[in-house]
Amino acid sequence: MFAGSFSSPVMAEIHGIRQFVVQSRSTLGGIDPESGEILWSTPVEASRGMNILTPLVSGNRIFTSTYEGGSFCFEIEQIDGKQSAKLQWRLPKVEGYMTSPVIVDGYIYHKARDKQLYCINFSTGTVQWESEQGFGQYWSMVVNGNQILALDEQGDLLLFEANPDDFQITDQRKISKEPTWAHLAVSGNQVFIRGLKTMTAYSWNEN
């Protein structure tokens with residue numbers, strides 16, 4: 001059921017129960033970190049099992065997106081102490097690839113397989129906007145207050161505001177001539193970026 005995949009597990013507390021949220025090649029589920037018991041599971045459609053991004057957990061809801069499967073939001077319900085997943089909404093044309101989404105103030109910022117960035121209302125599944133331009137194949141994204149920093153695999157670093165009404169890049173620069181596939185790392189107000197042969201540190205302060 002939980003065959004290996006590229007997706008990373010997430011530690012979460014859902015209905016007060018601490019668990020790993022895990023996405024395999026065909027299944028999304030919650031696993032007890034102590035016993036390994038499967039607390040709940042649901043199939044997630046994906047071509048060739050390409051479930052790559054890390055699922056996004058907020059409260060008792062989980063957002064994920066798959067290659068050729070679309071985007072999904074599940075509500076984890078609990079009845080008589082048992083948990084189960086119920087599909088809340090689906091966007092079949094907004095397909096995931098490698099970029100893991102982030103959430104700010106109830107809105108998901110999700111870079112999809114078509115290389116465009118989408119802002120999605122987490123409650124309703126409404127697409128607030130999509131970027132008018134495509135970007136690199138992959139982004140790693142981190143949040144600082146109302147700002148989102150995104151790094152693509154070609155060494156391009158972008159800064160934009162988390163705004164459900166509009167998408168505007170506030171700063172952009174080339175920070176590496178080497179491939180930058182590693183995820184951005186943040187410690188305090190420092191951002192660490194690993195290239196193929198280098199490591200650099202930057203200060204990040206919210207304006």
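Shown above is the structure to which this text applies.
Residues numbered from 1 in each chain as written. Predicted model: local features only at pLDDT ≥ 70, side-chain atom pairs only at ≥ 80, totals over all residues. Heavy atoms only, no water.

Let's shift gears to unusual backbone geometry. One non-glycine residue, histidine 15, lies in positive phi territory at about 55°. Relative to the assigned elements, histidine 15 resides in the loop between strand E1 (10–14) and strand E2 (17–23). A positive phi angle, near 70°, is found at glutamate 68, a position not held by glycine. Among the structural elements, glutamate 68 can be located in the loop between strand E6 (61–66) and strand E7 (70–79). A relative accessible area of 42% places glutamate 68 in the partly exposed class. (Helix = DSSP H or I, 4+ residues; strand = E, 2+ residues; numbered from the N terminus. Buried < 20%, exposed > 50% of the residue type's maximum accessible area, 1.4 Å probe, protein only.)

Tyr109, Leu117, Trp139, Met141, Ile148 and Phe160 are the most contacted members of the largest nonpolar core, which totals 15 residues. Mapped onto this core, the elements with two or more residues apiece are strand E9 (102–104), strand E11 (117–121), strand E13 (139–144), strand E14 (147–152) and strand E15 (156–161). Once you skip the residues sitting within four places of it in the chain, leucine 117 turns out to touch Tyr109, His110, Lys111, Trp129, Glu130, Ser131, Trp139, Phe160 and Phe167. (Core = buried A, V, L, I, M, F, W, Y, C linked by side-chain atoms within 4.5 Å. Contact = heavy atoms within 4.5 Å.)

Strands sit in the order E9-E10-E11-E12 across an open sheet of four strands; the sheet is antiparallel. This sheet does not close on itself; its edge strands, each paired only once, are E9 and strand E12 (127–130). Direction aside, neighbouring strands of the sheet carry axes that sit 20° apart on average. Two strands pair when backbone bridges link them, and E11 and E12 are joined in this way by three bridges, in the antiparallel orientation. Each bridged residue has a counterpart across the sheet, and for tyrosine 118 the counterpart in E12 is glutamate 130. (Pairing = 2+ DSSP bridges. Axes fitted to C-alpha atoms, helices over the stretch in contact; angles between N-to-C directions.)

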